[in-house]
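# Analysis of the macromolecular model
Read off the chains here:
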Amino acid sequence: MTSLETYRDLYKLDGKVALVAGGAGGIGSAICEGLAAFGATVVVADIDGVKARALASGIKADGGQAWGGELNASDIPGTQQFMAEVVERSGSLNILVNCIGTHKEAPAEEYTEADWDRVVDLNLKAAFFLSQAVAKVQIPQGGGKHIHVTSVRSLLGIHRGYIAYCSSKGGMNLMVKQLATEWAKYDITVNGIAPTFTRTDLVKQYLEDPDFYNPLVARIPLGRICEPSDLAALAIYLAAPASDFITGQIIFADGGVTATQ
């Protein structure tokens, strides 16, 4: 018989170092707090270094281990340098969670090259080179975990001007599968979390508009939108030993949206 403690250990992150890129945002901050709650030392990395350090201070005040720093994922050499800093300060780098992303809404027939490049470069190009920089640390360490936050719109179109966003997130899904395939030999797992509309301060004004909110929720079988804690729970699982045999998967945290379309 396997002891109960053995099963509890499947969710422990003690001794692990987790880098959360975009960690000061609405989704990223919940993931940072969740990973810290299960024992990880969390590196809060965000383009807003002030917010990143403030969140890390809050986690430490609450009994967790964390530090914050400024990371511009569009700066690829800077990203590589940041990984060196993580290893220097924390000794290793076991887990990557990528919450970075952007969007520009416009009709496809009017979409500009500049807007396309900005969205795709951050959502897809930067995501890959972020993973690459982390993998270069993890390969000699003997493995690690990569988790990318994608979107339900990586699979489903929408009646709005989301061409660059949907395309970049669709590309991210296949990137996850390809990296999982290539890096399995190094014991690196790569997975994606694909949420539907998620409650954050950035979308607060939409959620307070009944004409937007009510039709949105009506399309979701579970009758509510995604909460950041829903995504933090998935990130904990994908970061923990419990998911060691899971790789190349996109988990849709969508309340059943993709089950109905």
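Provided above is the structure to which this section pertains.
Residues numbered from 1 in each chain as written. Predicted model: local features only at pLDDT ≥ 70, side-chain atom pairs only at ≥ 80, totals over all residues. Heavy atoms only, no water.

## Let's talk about helix H8 (residues 210-218)
Test applied: To sort residues, take the accessible area from a 1.4 Å probe on protein chains only and compare it with the maximum for the residue type: under 20% means buried, over 50% means exposed, and anything in between is partly exposed. Note on conventions: DSSP H or I runs of at least 4 residues are helices, E runs of at least 2 residues are strands, and numbering of each starts at the N terminus. Directions from the helix axis toward the C-beta atoms define the arc. It only takes one pair of heavy atoms within 4.5 Å for two residues to be counted as in contact. N or O atoms closer than or at 3.5 Å make up a polar contact, with two conditions inside protein: a donor-capable atom paired with an acceptor-capable one, and, for residues adjacent in sequence, both atoms drawn from side chains.
Burial in H8 covers these residues: Phe212, Leu216 and Val217. Angularly, the buried residues of H8 cover 110° about the axis, an arc narrow enough to put them on a single face. Exposed side chains of H8 directed beyond 90 degrees from the buried face belong to Asp211 and Ala218. On its buried face, H8 sits against helix H7 (204-207). The backbone nitrogen of aspartate 211 lies 3.0 Å from a side-chain oxygen of the residue at the head of H8, namely aspartate 209.

## So, the packing of aromatic side chains
Think of a pair of aromatic rings as described by two things: how far the centres are apart, and how the planes are tilted against each other in angle. Cut-off, in case you're wondering: Two aromatic rings, drawn from Phe, Tyr or Trp (for Trp, its six-membered ring), form a pair once their centres lie within 6.5 Å of each other, and the interplanar angle then sorts them: stacked below 30 degrees, edge-to-face above 60, tilted otherwise. In this analysis the charged atom, NZ for Lys or CZ for Arg, is taken to sit over a ring once it is within 6 Å of the ring centre and within 35 degrees of the ring normal.
This model, assessed by the stated rule, comprises six aromatic pairs. Between tyrosine 11 and tyrosine 237 the ring centres are 6.5 Å apart and the planes differ by 35°, which places this aromatic pair in the tilted class. One end of the pair, tyrosine 11, is in the loop between helix H1 (4-9) and strand S1 (17-21); the other, tyrosine 237, is in helix H9 (residues 228-239), and 226 residues separate them in sequence. On the basis of relative accessible area, tyrosine 11 is assigned to the partly exposed category, the value being 35%. Here tyrosine 237 falls in the partly exposed class, since its relative accessible area comes to 24%. Pairing tyrosine 206 with phenylalanine 212 gives two aromatic rings, centres 5.2 Å apart and planes at 40°, and the pair type is tilted. Of note, arginine 89 hangs over the ring of tryptophan 67, and the distance from its end group to the ring centre comes to 3.8 Å.

## As for the packing of helix H5 (residues 113-141) against helix H6 (residues 163-183)
For clarity, the threshold we go by: Here an angle of 0 to 180 degrees is reported between the N-to-C directions of two axes, which are lines fitted to C-alpha atoms, with helices fitted over the stretch in contact. Should an angle fall under 35 degrees it is taken as roughly parallel, and over 145 as roughly antiparallel, whereas 65 to 115 is taken as roughly perpendicular and any remaining angle as oblique. By definition, any crossing whose near helix is turned counterclockwise from its far helix by less than a right angle is left-handed, and any crossing with a clockwise turn is right-handed.
Relative orientation of the contacting elements H5 and H6 amounts to 15°, with a least axis distance of 8 Å. Classified by the angle between their axes, H5 and H6 sit roughly parallel to one another. Seen from above, H5 lies across H6 with right-handed handedness. Note on element contacts: H6 touches H5 through Ile163, Ala164, Tyr165, Ser167, Ser168, Lys169, Gly171, Met172, Met175, Leu179 and Trp183, opposite Trp116, Val119, Val120, Asn123, Leu124, Ala127, Phe128, Ser131, Gln132 and Ala135.

## Quick word on the pattern of salt bridges
Selection criterion: By definition here, a salt bridge exists when the distance from a side-chain nitrogen of Lys or Arg to a carboxyl oxygen of Asp or Glu is within 4 Å.
According to the stated counting rule, one finds eight salt bridges in the structure shown. Between lysine 12 and aspartate 9 there is a salt bridge, with the nearest N and O atoms lying 3.0 Å from each other. Owing to a relative accessible area of 33%, aspartate 9 belongs among the partly exposed residues under this scheme. Aspartate 230 serves as the salt-bridge partner of arginine 224, at 2.9 Å between the closest nitrogen and oxygen. Among the residues examined, aspartate 230 registers a relative accessible area of 24% and is labelled partly exposed.

## Quick look at a nonpolar patch on the surface
Put simply, the rule reads: Patch definition: residues above 30% relative accessible area lacking any salt bridge, with like charges linked at up to 9 Å and the nonpolar side chains Val, Leu, Ile, Met, Phe, Trp and Tyr linked at up to 5 Å. Note on areas: Shrake-Rupley, 1.4 Å probe, and residue coverage restricted to the protein chains presented here.
The grouping of Leu4, Tyr7, Leu10, Tyr11 and Phe38 at the surface amounts to a nonpolar patch, some 480 Å² of accessible area in total. Taking relative accessible area as the criterion, leucine 4 reaches 55% and is therefore assigned exposed.

## Some remarks on the state of the cysteines
Here is the rule we go by: Note on terminology: pairs of cysteine sulfur atoms within 2.5 Å are recorded as disulfides.
Counted under the stated rule, the structure contains zero disulfides. The cysteine cysteine 99 is free of any disulfide, with cysteine 32 supplying the nearest cysteine sulfur at 7.2 Å. On the accessibility criterion, cysteine 99 (19% relative accessible area) is buried. A disulfide-free cysteine, cysteine 166 has its sulfur positioned 17 Å from the sulfur of cysteine 226, the nearest such atom. With relative accessibility at 16%, the residue cysteine 166 sits in the buried group.

## Remarks on the side chain of serine 151
As for its position among the elements, serine 151 is in the loop between strand S5 (144-149) and H6. Ignoring anything within four residues of it in the chain, the contact list for serine 151 reads Tyr165, Lys169, Ile193, Ala194, Pro195 and Phe252.

## Remarks on the nonpolar core
Inclusion rule: Residues enter a nonpolar core if they are buried and are Ala, Val, Leu, Ile, Met, Phe, Trp, Tyr or Cys, with the set joined through side-chain atoms within 4.5 Å.
Counting 33 residues, the largest nonpolar core has Val20, Ile31, Leu35, Val42 and Val97 as its most contacted members. For this core, the secondary-structure elements that each account for two or more residues are S1, helix H2 (26-37), strand S2 (41-46), helix H3 (49-61), strand S4 (95-98), S5 and H9. With seven residues, the single largest contributor to this core is H9. If you look at the next biggest cluster of nonpolar residues, it comprises 20 residues, including Val17, Val43, Trp67 and Val86.

## A look at the environment of glycine 63
Secondary-structure assignment places glycine 63 in the loop between H3 and strand S3 (65-70). Judged by relative accessible area, which is 63%, glycine 63 ranks as exposed. In sequence terms glycine 63 and alanine 37 are 26 residues apart; their C-alpha atoms lie 8.4 Å from each other.

## A short note on the layout of surface pockets
Quick reminder of the rule: Lining residues are those with an atom within 4 Å of a point, where the points come from a 1 Å grid over the protein atoms alone and group into cavities, where a 1.4 Å probe fits but cannot get out, or pockets, open sets with protein on both sides within 12 Å along at least five of seven lines. Grid points are joined across faces, edges and corners, and a volume is the space filled by probe spheres set on the points. In the scheme used here, Gly and all other residues not listed as nonpolar or charged are polar, with Ala, Val, Leu, Ile, Met, Phe, Trp, Tyr, Cys and Pro taken as nonpolar and Asp, Glu, Lys and Arg as charged.
Computed from the structure, the second largest pocket encloses a volume of approximately 260 Å³. Forming the walls of the second largest pocket are 15 residues, and the residues nearest its centre are Lys16, Gly143, Gly144, Lys145 and Asp244. Of the residues assigned to the lining of the second largest pocket, the class counts are five nonpolar, six polar and four charged.

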